[in-house]
Amino acid sequence: AAAEKGGYDYFMDKEIDEQPQAVADTLLGRISAEGRLQLDEMRMSESELRSVDKVIVIAAGTSYHAGMIAKYAIEHWTRIPVEVELASEFRYRDPILTRDTLVLVISQSGETADTLMALRHAKDQHARVLAICNSNGATIPREADAVVYTHGGPEIAVASTKAFLTQLIACYLVGLYLAQVRAAKFPDEIADILEQLSQAPAKVRETLDRMGPVRELGRLLKDEGRVLFLGRHVGYPVALEGALKLKELAYVHAEGFAAGELKHGPIALVDQGLPVVVVVPPADRPLLHDKIVSNIQEIRARGARTIVIAEDGDTAVAPFADTLIYVPELPTLLQPLVATVPLQVFASALADAKGLDVDQPRNLAKSVTVE
Ligand code: G6P
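Cut-off values and rules
- Residues numbered from 1 in each chain as written.
- Predicted model: local features only at pLDDT ≥ 70, side-chain atom pairs only at ≥ 80, totals over all residues.
- Near = placed C-beta within 6 Å.
- Helix = DSSP H or I, 4+ residues; strand = E, 2+ residues; numbered from the N terminus.
- Nonpolar A, V, L, I, M, F, W, Y, C, P; charged D, E, K, R; others polar.
- Pairing = 2+ DSSP bridges.
- Axes fitted to C-alpha atoms, helices over the stretch in contact; angles between N-to-C directions.
- Contact = placed C-beta atoms within 7 Å.
- Buried ≥ 20, exposed ≤ 12 C-beta atoms within 10 Å, placed from the backbone.
- Right-handed = clockwise from strand over helix to strand, strands pointing away.
- Expected span 1.5 Å × (residues − 1).
- Arc of directions from axis to C-beta.
- Parallel < 35°, antiparallel > 145°, perpendicular 65-115°, else oblique.
- Left-handed = near helix turned anticlockwise from the far one by under 90°.
- pLDDT = per-residue confidence, 0-100.
- Core = buried A, V, L, I, M, F, W, Y, C linked by C-beta atoms within 7 Å.

Close to the ligand lie 16 residues; Gly61, Thr62, Ser107, Ser109 and Thr112 are nearest. Tallying contributions element by element places helix H4 (residues 61-78) first for the shell around the ligand, with 3 residues. Of the residues that constitute the shell around the ligand, the class distribution is 5 nonpolar, 10 polar and 1 charged.

This paragraph deals with the sheet that holds strand E4 (residues 128-133). One open sheet accounts for 5 strands, arranged E2-E1-E3-E4-E5; its pairing is parallel. Two strands lie at the open edges of the sheet, namely strand E2 (82-86) and strand E5 (146-149), each paired on one side alone. Along the sheet, successive strands turn relative to each other by an average axial angle of 20°, direction set aside. Here strand E3 (residues 101-107) runs beside E4; their pairing, made up of 6 bridges, is parallel. Its bridge partner being in E4, Ser107 is matched across the sheet by Cys133. On the sheet, H4 packs against strand E1 (54-59), E2 and E3 and is oriented at approximately 165° with respect to E1.

Glancing now at the pairing of strand E9 (residues 305-311). Of all the 7 residues making up E9, 6 are buried; the element is thus mostly covered by neighbouring parts of the structure. As defined by bridge partners, strand E8 (residues 275-279) adjoins E9 across 5 bridges and the pair is classed as parallel. The partner of Pro275 across the bridge, within E9, is Arg305. Taken together, E8, helix H13 (residues 286-301) and E9 constitute a β-α-β crossover, and its handedness is right-handed. Relative to strand E10 (residues 323-327), E9 runs parallel, the two being bridged by 5 bridges. Within E10, the position partnered with Glu311 by the bridge is Val327.

Turning our eyes to something else, we now look at the environment of Gly29. Tracing the backbone shows Gly29 in the loop between helix H2 (19-27) and helix H3 (46-50). For the pair Gly29 and Gly67, spaced 38 residues apart in sequence, the C-alpha separation works out to 23 Å.

Turning our eyes to something else, we now look at helix H9 (residues 187-198). Between its terminal C-alpha atoms H9 stretches 17 Å, which fits the 16 Å expected from 12 residues at 1.5 Å a residue. Listed in full, the buried residues belonging to H9 are Ile190, Ile193, Leu194 and Leu197. Seen along its axis, H9 keeps its buried residues to an arc of 100°; they face one direction. Facing away from the buried surface of H9 by more than 90 degrees, the exposed residues are Asp188 and Glu195.

Turning to the sheet that holds E8, a few remarks are in order. Strands sit in the order E7-E6-E8-E9-E10 across an open sheet of 5 strands; the sheet is parallel. The strands lining the two open edges of the sheet, one partner per strand, are strand E7 (253-258) and E10. In this sheet, adjacent strand axes meet at a mean angle of 15° when their direction is disregarded. Bridge analysis of strand E6 (residues 226-231) against E8 gives 3 bridges, and the strand direction is parallel. Residue Phe229 lies in a different strand from E8, and its bridge partner there is Val277. In this fold helix H14 (residues 336-353) packs onto E8, E9 and E10, with an angle of close to 140° to the strand it touches most, E10.

Relative orientation of the contacting elements H2 and helix H8 (residues 162-181) amounts to 30°, with a least axis distance of 9 Å. Between H2 and H8, the angle is such that the two are roughly parallel. With respect to the hand of their crossing, H2 and H8 are arranged in right-handed fashion. The residues of H8 that touch H2, namely those facing Gln19, Ala22, Val23, Thr26 and Leu27, are Lys162, Leu165, Thr166, Ile169 and Ala170. Within the contact of H2 with H8, the residues separate by chemical class into 6 nonpolar, 3 polar and 1 charged.

On to the packing of H4 against H8. Two elements in contact, H4 and H8, have axes whose closest approach is 9 Å; the angle formed by their N-to-C orientations is 25°. By the angle class used here, H4 and H8 are roughly parallel. In this structure, the crossing between H4 and H8 has a hand that is right-handed. Residues Thr62, Ser63, Ala66, Ile69, Ala70, Ala73, Ile74, Trp77 and Thr78 of H4 form the contact with H8, whose own contacting residues are Phe164, Gln167, Leu168, Cys171, Tyr172, Gly175, Leu176, Leu178 and Ala179. For the contact of H4 with H8, the residue count by class is 13 nonpolar, 5 polar and no charged.

With that settled, the discussion passes to the confidence of the model for the protein. Chain-level pLDDT for the protein is 95 on average; 99% of the residues reach the 70-or-more range. With pTM at 0.97, the complex prediction returns an ipTM value of 0.96.

Taken as a class, soluble globular proteins show a tendency for nonpolar side chains to be buried jointly. Counting 130 residues, the largest nonpolar core has Val57, Leu104, Val105, Cys171, Leu176, Val278 and Ile309 as the members making the most contacts within it. Per element, the largest residue contribution to this core is 15 residues, and it comes from H8.

As a further point, take the environment of Ile140. Counting through the fold element by element, Ile140 comes out in helix H7 (residues 139-143). Residue class for Ile140 comes out buried when judged on the 25 C-beta atoms lying within 10 Å of it. Once the C-alpha coordinates of Ile140 and Leu168 are considered, the two residues, 28 residues apart in sequence, prove to be 18 Å apart. Among all residues touching Ile140, those that are not within four sequence positions of it are Val105, Ser107, Gly110, Glu111, Thr115, Leu116, Leu119, Ala131 and Cys133.

So this is what it looks like as structure tokens:
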């Protein structure tokens, strides 16, 4: 097993470091030289895709967080309404599905029982099902009408890392493809996003190169019992994912919140020394950015220890950050590709410092095949 880990203590750390390659492999061959998307495996005709009037994203765990981010991207690029639902809740609420509903099922393993049952329910209602999956030939891609595979390679650690980043790539590709097929309103913006996506592997690599201080922070905070995570817009699902990683690996009571909800409850939790991780949107989105900067000031005034993740050059947050982690610039919708990385590294380092088995957390399974 030591050889399989390629010199790493844990598969998770290896898989975190494989993310630039996993992202590159998932993009490979899908953007033509002319800057058009080609999803040959799509198996859904352009006319079918043009008739879609609603998208419902269904997933569990980390894949659900990818689905939340997909909603922001797909709605923005296509103007098709998108709902996101936990797989375990979906069929119990009598969801409204028609032939023109596109159900996007996201599953790393392709075997999660909750997700599979949701897929079958959608098919019974005659919706069209598109799967995003990392495991060739698994049950979910076999039963779906079409599949976009993530090419992350096998993921062994129970906590999902590289699968998540490649799911984001697949979600972006699906959203952009829908926009392309449906003659999007923002063709220039889409060409620009494709160009930015092609730079994502290098930006993830750059982020990884800066993780020394994050690992140190994980070790420093190993005795913390609680950590909060805040984000707004796509930073909100990133905050949820950061909290999930810390719960899974380090058994820390970690919660993610939408930053705007702070004043509606969570701020009551803030006391002296509480670590709060804040994901800051790019500074060129002042509406989002400046509100988060005030949130950071508010929690800091109440004694929180602020751990701020912001894009390069964002100096406005510096005075209020006890720890400042810079990530490379990307457009807001793509920022989760880099902003998630420090949260993965932080959780792994903190769990390791506690002497826990990072790859095999208690009570969890890689793939949950019971409902
Ligand atoms: C389990 C794993 C998680 C994963 C979730 C969904 O709970 O421990 O890491 O995110 O299942 O798995 P899937 O394979 O459907 O993406």
